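Reading the structure
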Amino acid sequence: MATTTDALKSTASSGAFSLSSVTAALKDGGFAGLVTLGLSFPIVALRAEQDMSNQLILQQRWSWSLIAAAAVFAVRFLVVLVRGRPRTVAAGIPIPAPPRPAVAPSRASVLFTRYIGALGILVLFAFPLVILKVLGPAGSLKWINNYGVQILIYVMLGWGLNIVVGLAGLLDLGYVAFYAVGAYSYALLSTTLGLSFWLCLPLAGLLAALWGVLLGFPVLRLRGDYLAIVTLAFGEIIRIILINWTDLTNGYAGISGIPRATLFGVPFTDTPNGFAATAQALLGHWFHHIRYQSIQRTIFLFYLILCLALLTNFVTMRLRRMPMGRAWEALREDEIACRSLGINTTTTKLTAFALGAMFAGFAGSFFSVRQGFVSPESFTFIESATILAIVVLGGMGSQLGVAFAALVMIGGTEILRELEWTKQIFGSDFDPAQYRMLIFGFGMVVMMIWRPRGIVSTREPSIFLKEKKAVSGSLVREGHG
Amino acid sequence: MRWQSDPLLVVEHLTMRFGGLVAVNDLSFSAGRGDITALIGPNGAGKTTVFNCVTGFYKPTEGRLSLARQGKAAAADIEALTKTGKRHALTPSGDLYLLERMPDHQISWHARVARTFQNIRLFQGMTVLENLLVAQHNPLMIASGFTVLGLVGIGGYRAREREAIEKAKFWLDRIGLIPRADDPAGELPYGAQRRLEIARAMCTDPVLLCLDEPAAGLNPRESSDLNELLRTIRADHATSVLLIEHDMSVVMEISDHIVVLDYGLKISDGTPDEVRNDQKVIAAYLGVADEEVEQIEAEIGA
């Protein structure tokens, strides 16, 4: 070991690779290659497939396994050769890296973070109109609907979950349950009682908040892993109830024919009372050229979800500066200290659950009004995992980071569908969207190595005396339930 | 003897068992209003357990902890409150609380007992100023109309928050941390973190401040600063102090009253001079020579 480190030191100083560093790299690379070989042979080298007579036949693809092992060997060999072995002591316990000194953010980056939010909002408000102008109604539908609306739903869900996970530090793996409650609330209230979207929206939020409190009560005493497991189970319970209570929810078949949203009573239809006709009648001077187009409804939905998301953001940002928000963050930092200062941790946790759930409820009712159809299929665990991944990837507690992570994760999925040219390389059977999870998994691993605290890893203080200084992520706790 | 004539906190027959282990055994003492009362004893004597019972983090197995916030409570009033099963009564001498019946956050908010911890528990990722504002959570919460009014900007929340900041600044000035108000608490040096924890507890306007080893890990200069701080807290803020401490230079210098515990039992109770010369205390701390063991054991009734 001593010779290796000496050799590395000399490598660093002279720039040449000594013999012992090459052997060390060979040894490390060889070991990694062998592990890959061992792992890949049952899942890659041997593949069972059904033939015409429904019998399983074993395909052997040893070359794939060997290629994978060789690739891992080569990468590991180069990494070790260039960067040196990870420093370990004899017992194999890694030596913790010395803490990096907190670097004060530069003036430019402070200005950047101050104004990027406002800039982003301006861009978002202009987005559908600009796209419509450039690409025309047919071409812009995909951009406004698949990218715009879809991403904004997840931005809103991410911001909602950020209250629970990022601020209060309560790990919630069943967030999609509240999204489902919101969606089914609107679907059922509108189809059975004929209530309008604008009446159902607050109702759906309230119902979801109620369910948030109902979930909150039993899990008050749980922390960390246990809390995560129970919330996960709660998410599944809601979904399974939606499947099995067929009298109410129509089970797997879902609820269809959900009424569309109107702009304060003005529907987006090609009728004399529709949006285009009304706009002409009321504001003929500016809107004389407007005709009915189905894209108008999509643009309306875009602005609707944008406003809902901004409402979530506004409330969260404001709450952070209020005693309630500070109590959430204090709860994440140290629950016992909170209690010693007279903070009722029960109500503090419940309000975090309720508020997070309420915003999911809003988003859920938007989801059902947009789709016109809901079924339990839309509320599986993978949705919870995606939303949580957005929060973690964005940097827990950071509004900007969460928005950016949603853009990358959901926008990335959509872009994968666009990569038609990959078919020319990998053959016509190749579907890049199938590799979504693989790419995200890889992206997550890379993030955890380079930015373990997410895209925005610093915490912005809620108040300051003289100067606002970002708090380094290494000091901020993740919360333990 | 203020702890007899005007007790703030009266602990009677406090017993705390953890399964078979008796951490505190039938302990009775009182802490005088305006006194600095020290709770001392060798490691494992049960001092922190007493603290956890007083501040509501543990529910005592047996015993009564009565706290008279404004003035000495009559014995009859305490008995009457005990019989009702309630936590609080308004007696002729002021508010009377039975701490063993209250959850921890209510003890802090209603009975006004604040505490610090043996291992510092600051909100490390929050700034120094934020730490002091979280301590004023309850009054700010009321001023913000339980968030609802504050969220829409109605009511006097802004003004109340400014007052809270002024109060935080007062304490920051007192502990010499004004220049570091916007730094995260976790970046402060150890001694400053200790002082900040005391300031944070003081921001809850306590009548009784419980300090669990506040001088642990401090150098002699920081210890003497701490003595000074505790004296001014007692003099200027009508706050009595209950203190666990191993550093005898702190204990003997500033305490008005010392209670000594050993193996969960009270072995001595009195002024610093009385305790200093108590044979049982010397025996508990220093041990005794082999030939004296029997004699001492007979004396202390072990």
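Heads up: the structure comes first, above all this text.
Notes on the structure follow.

Criteria and cut-off values
- Within each chain, residue numbers correspond to sequence positions counted from 1 in written order.
- As they are written, the chains are lettered A onward and the ligands numbered 1 onward, keeping that order.
- Owing to the predicted nature of the model, reporting of local features is limited to residues with pLDDT of at least 70; listing and counting of side-chain atom pairs is limited to 80 or more, with chain, interface and lining totals taken over all residues.
- Side-chain calculation: all heavy atoms of the structure are included, whereas hydrogens and water are not.
- Helix and strand assignments follow DSSP, with helices taken as H or I runs no shorter than four residues and strands as E runs no shorter than two, numbered in order from the N terminus.
- The rule is simple: take the accessible area with a 1.4 Å probe, protein chains only, and divide by the maximum for that residue type; under 20% is buried, over 50% is exposed, in between is partly exposed.
- Here, residues are in contact when the closest pair of their heavy atoms is within 4.5 Å.
- Salt bridge criterion: a side-chain nitrogen from Lys or Arg within 4 Å of a carboxyl oxygen from Asp or Glu.
- The pairing criterion for strands is at least two bridges between them, as found by DSSP.
- Lines fitted to C-alpha atoms define the axes, with helix axes restricted to the stretch in contact, and inter-axis angles between N-to-C directions lie between 0 and 180 degrees.
- Exposure above 30% relative accessible area and the absence of a salt bridge qualify a residue for a patch, where like charges join within 9 Å and nonpolar side chains (Val, Leu, Ile, Met, Phe, Trp, Tyr) within 5 Å.
- All accessible areas in this document rest on Shrake-Rupley with a 1.4 Å probe, and a residue is counted as covered only by the protein chains that are shown.
- Buried area: the accessible surface (1.4 Å probe) lost by two parts on joining, summed over both.

1. What to know about the environment of Val128 of chain B
Residues and elements named next belong to chain B.
- Along the polypeptide, Val128 turns up in helix H5 (residues 128-134).
- The exposure class assigned to Val128 is buried, which follows from its relative accessible area of 0%.
- Sequence separation between Val128 and Pro214 is 86 residues; the distance between their C-alpha atoms is 18 Å.
- Leave out the neighbours within four places in its chain, and Val128 touches Leu172, Arg180, Ala181, Asp183, Ala185, Leu188 and Leu196.

2. Quick look at the pattern of salt bridges
- Applying the stated rule across the entire model yields 28 salt bridges over all chains.
- Two residues, Glu130 of chain B and Arg459 of chain A, come together in a salt bridge whose shortest N-O distance is 2.8 Å. With Glu130 of chain B in helix H5 and Arg459 of chain A in the segment after helix H17 (436-450), this pair bridges two chains. In terms of burial, Glu130 of chain B and Arg459 of chain A fall into one category: buried.
- What emerges from the salt-bridge pattern is a single network uniting Arg320, Glu329, Arg332, Glu333 and Arg459 of chain A together with Glu130 of chain B.

3. Some thoughts on the sheet that holds strand E3 (residues 36-40) of chain B
Residues and elements named next belong to chain B.
- If you trace the six strands from one edge of the open sheet to the other, you get E7-E8-E9-E3-E10-E11, paired in mixed fashion. Among the strands making up the open sheet, the edge pair consists of strand E7 (113-115) and strand E11 (265-270). Strand-to-strand twist of the sheet, defined as the mean angle between neighbouring strand axes without regard to direction, takes the value 15°.
- Relative to strand E9 (residues 240-244), strand E8 (residues 208-212) runs parallel, the two being bridged by five bridges. Of the residues in E9, the one forming a bridge with Leu208 is Ser240.

4. Topic: unusual backbone geometry
All names here are of chain B.
- Phi at His13 is positive, roughly 50°, even though this residue is not glycine.
- Mapped onto the elements, His13 comes out in strand E1 (residues 7-18).
- You can call His13 partly exposed: its relative accessible area is 48%.
- With a phi close to 50°, Asp26 is a non-glycine residue in the positive phi region.
- Along the chain, Asp26 turns up in strand E2 (residues 21-32).

5. Observations concerning a nonpolar patch on the surface
All names here are of chain A.
- Side chains of Val130, Val134, Leu135 and Trp143 sit close together on the surface and give an oily, nonpolar patch of about 360 Å² of accessible area.
- Here Val130 shows up in helix H4 (residues 107-167).
- Judged by its relative accessible area of 48%, Val130 is partly exposed.

6. Quick word on the interface of chain B and chain A
- Taken residue by residue, the interface counts 42 residues in chain B and 36 residues in chain A.
- When chain B packs against chain A, the two sides together hide about 3600 Å² of surface, and 64% of this comes from carbon and sulfur.
- Looking only at chain B, the three residues that lose the most surface to chain A are His105, Leu151 and Asp182 of chain B, adding up to 17% of its buried area.
- Where chain B meets chain A, there are four salt bridges.
- Of the charged contacts in the structure, one is a salt bridge between Asp104 of chain B and Arg339 of chain A, with a shortest N-O distance of 2.4 Å.

7. Details of the pairing of strand E2 (residues 56-60) of chain A
Residues and elements named next belong to chain A.
- Among the five residues of E2, zero are classified as buried, and the element is accordingly described as predominantly exposed.
- The sheet contact formed by strand E1 (residues 46-50) and E2 spans five bridges and is antiparallel. Across the sheet, the residue bridging to Leu46 is Gln60, located in E2.
- Counted along the chain from E1 to the antiparallel partner E2, the turn is five residues long, and its residue Asn54 has a positive phi close to 60°.

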